[in-house]
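Secondary and tertiary structure notes
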Amino acid sequence: MKNERNNKLSKYTFENFVVVKNNEFAYKVAKSVAENKTSYNPLLIYGGNGVGKTHLCCAILNKILENNKNLNVLYINSEQFTVELIDAIKENTMKQFREKYRNVDVLAVDNIQFIAGKERIQEEFFNTFNSLYSKDKKIILSSDRAPKDINLLENRIESRIKWGIVAKISDYNYEERLEILKNKAKMNNIEINEEALSMIAKKVTSNIMDLEGVLHTVIEYSKLFNKTIDTEIVKKALEDRGI
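To start, this report covers the structure provided alongside it. As the structure is a computational prediction, the values presented were derived from the model and not from experiment.

Thoughts on the pairing of strand β5 (residues 165-169)
- Across the two faces of β5 the burial differs, with I165, A167 and I169 buried and V166 and K168 not buried at all.
- By the bridge criterion, five bridges tie strand β1 (residues 43-47) to β5 in an arrangement that is parallel. Within β5, the residue paired with L43 across the bridge is I165.

Put into structure tokens, the structure is as follows:
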């Protein structure tokens, strides 16, 4: 991926994304886009913080690059898009800015909600979208809410987004959190009894990032102190993270 942040994001793949009922549609449609099995464009994945939106966006790009390393794909957060546009205006480098964003094969913009209310940013994004769409280039977006619920998002942008597929990932329930933990432990070849995993799943209800954070803390605590993972270690990890 042609972006300085993307080396960190190459770890996100379809293989290490845990599929449960809540995210199954988003996962399947993302994979379909990555494998070029759908003509719908763009794809918007939305949901609360830490539900797996960035993971799926990057998994699409990683799979596309896996199949064709010569494609020019770009991942960007909308905040970075905004900063770069402001700099381009100040430095009179709009030509270079537009060449960067309008000459890609796949563009993924994370957290698109942050452009709402910014007239100049929305204008440039709208024109970038149209340029890519007219050339049949893939556009992948994420947001923390549905397009209609993004205050101050221009109607024309909302309309463009709705040309494609909109997939929601809701918050995970206890059973799904437990299933995700089991799969993450298995992926890391870590043995943790179900009682310990259940304690994490019950206590950590915010998002998957926090869920994985506690799991990683538990694993590291176990390694550093050479102790078998049990509920006592889980309690310690939860206390250390203020949960």
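What to know about the packing of aromatic side chains
- Under the definition given, this model contains eleven aromatic pairs.
- An angle of 85° between the planes, with centres 5.7 Å apart, marks the rings of F14 and Y27 as edge-to-face. Taken together, the residues span a long stretch of sequence, with F14 in the loop between α1 (6-9) and α2 (24-34) and Y27 in helix α2 at a distance of 13 residues.
- Overall, the relative accessible area of 3% leaves F14 in the buried class.
- Residue Y27 is classed as buried on the basis of its relative accessible area, which comes to 15%.
- Pairing F81 with Y101 gives two aromatic rings, centres 5.0 Å apart and planes at 75°, and the pair type is edge-to-face. Of this pair, F81 sits in helix α4 (residues 78-91) while Y101 sits in helix α5 (residues 94-102); the two residues are 20 residues apart in sequence, bridging distant segments of the chain.

Considerations on the layout of surface pockets
- If you add up the space inside the largest pocket, you get close to 730 Å³.
- If you trace the largest pocket, you find 27 residues lining it, with Y12, G52, H55, M209 and E212 closest to the centre.
- Secondary structure elements with two or more residues in the lining of the largest pocket: α3 (53-67), α8 (174-187) and α10 (208-224).
- Looking at which element gives the most residues to the lining of the largest pocket, the answer is α10, with four residues.
- Residue composition of the lining of the largest pocket, by class: eleven nonpolar, ten polar and six charged.
- In this structure, the second largest pocket spans a volume of roughly 240 Å³.
- Taken together, 15 residues form the lining of the second largest pocket, with V33, N36, T38, D136 and K138 sitting closest to its centre.
- Of all the secondary structure elements, the ones that give two or more residues to the lining of the second largest pocket are α2 and α3.
- Looking at side-chain class alone, the lining of the second largest pocket contains six nonpolar, six polar and three charged residues.

Details of the packing of helix α9 (residues 194-203) against helix α11 (residues 231-240)
- Contact pair α9 / α11: the axes reach a minimum separation of 8 Å and the direction vectors enclose 25°. Accordingly, the angle class assigned to the pair α9 and α11 is roughly parallel. When you trace α9 past α11, the crossing you get is right-handed. Side by side, α9 and α11 meet where E195, A196, M199, I200 and K203 of the first sit next to T231, V234, K235 and L238 of the second.

Here we look at the pattern of salt bridges
- Scanning the entire structure with this criterion turns up 19 salt bridges.
- E24 is paired through a salt bridge with K28; the nearest N and O atoms lie 3.4 Å apart. Taken together, the positions of E24 and K28, both in helix α2 and four residues apart, correspond to about one turn of that helix.
- For E24, a relative accessible area of 34% translates into the label partly exposed.
- Close ionic contact of E232 with K235 constitutes a salt bridge, the shortest N to O distance being 3.6 Å. In this pair, E232 and K235 are both assigned in helix α11, three residues apart and thus about one turn of the helix distant.
- Assessed through its relative accessible area of 38%, K235 is described here as partly exposed.
- One connected set of salt bridges, linked through shared partners, spans R98, R102, R120 and E124.

The rules behind these values
Within each chain, residues carry numbers counting from 1 in the order of the written sequence. Totals for whole chains, interfaces and linings use every residue, but because this is a predicted model, local features are given only for residues with pLDDT of at least 70 and side-chain atom pairs only at 80 or more, for both listing and counting. Note: side-chain values were computed over all heavy atoms of the structure, leaving out hydrogens and water. Partly exposed describes any residue whose relative accessible area lies between the buried limit of under 20% and the exposed limit of over 50%, with all areas from a 1.4 Å probe on protein chains only and scaled to the type maximum. Each helix is a run of DSSP H or I of at least 4 residues and each strand a run of E of at least 2, with the numbering of both proceeding from the N terminus. A pair of strands is labelled paired if DSSP reports no fewer than 2 bridges between them. To pair, rings of Phe, Tyr and Trp, with the six-membered ring standing in for Trp, must have centres within 6.5 Å; the planes then decide the type, stacked if under 30 degrees apart, edge-to-face if over 60, and tilted in the middle. Cavity: a set of points on a 1 Å grid over the protein atoms alone where a 1.4 Å probe fits but cannot get out. Pocket: an open set with protein on both sides within 12 Å along at least five of seven lines, its lining residues, like those of a cavity, having an atom within 4 Å of a point. Grid points are joined across faces, edges and corners, and a volume is the space filled by probe spheres set on the points. The nonpolar class holds Ala, Val, Leu, Ile, Met, Phe, Trp, Tyr, Cys and Pro. Asp, Glu, Lys and Arg form the charged class, and all remaining residues, Gly among them, are polar. Axis lines are fitted to C-alpha atoms, over the contacting stretch for helices. Their N-to-C directions set the angle, which ranges from 0 to 180 degrees. The cut-offs work like this: below 35 degrees is roughly parallel, past 145 is roughly antiparallel, 65 to 115 is roughly perpendicular, and the gaps in between are oblique. Crossings are sorted by hand: turned counterclockwise from the far helix by less than a right angle, the near helix makes the crossing left-handed, and turned clockwise it makes it right-handed. Contacts are assigned to residue pairs with any non-hydrogen atoms lying within 4.5 Å of each other. Only one rule defines a salt bridge in this text: a Lys or Arg side-chain nitrogen within 4 Å of an Asp or Glu carboxyl oxygen.

This is a description of form; function is not addressed.
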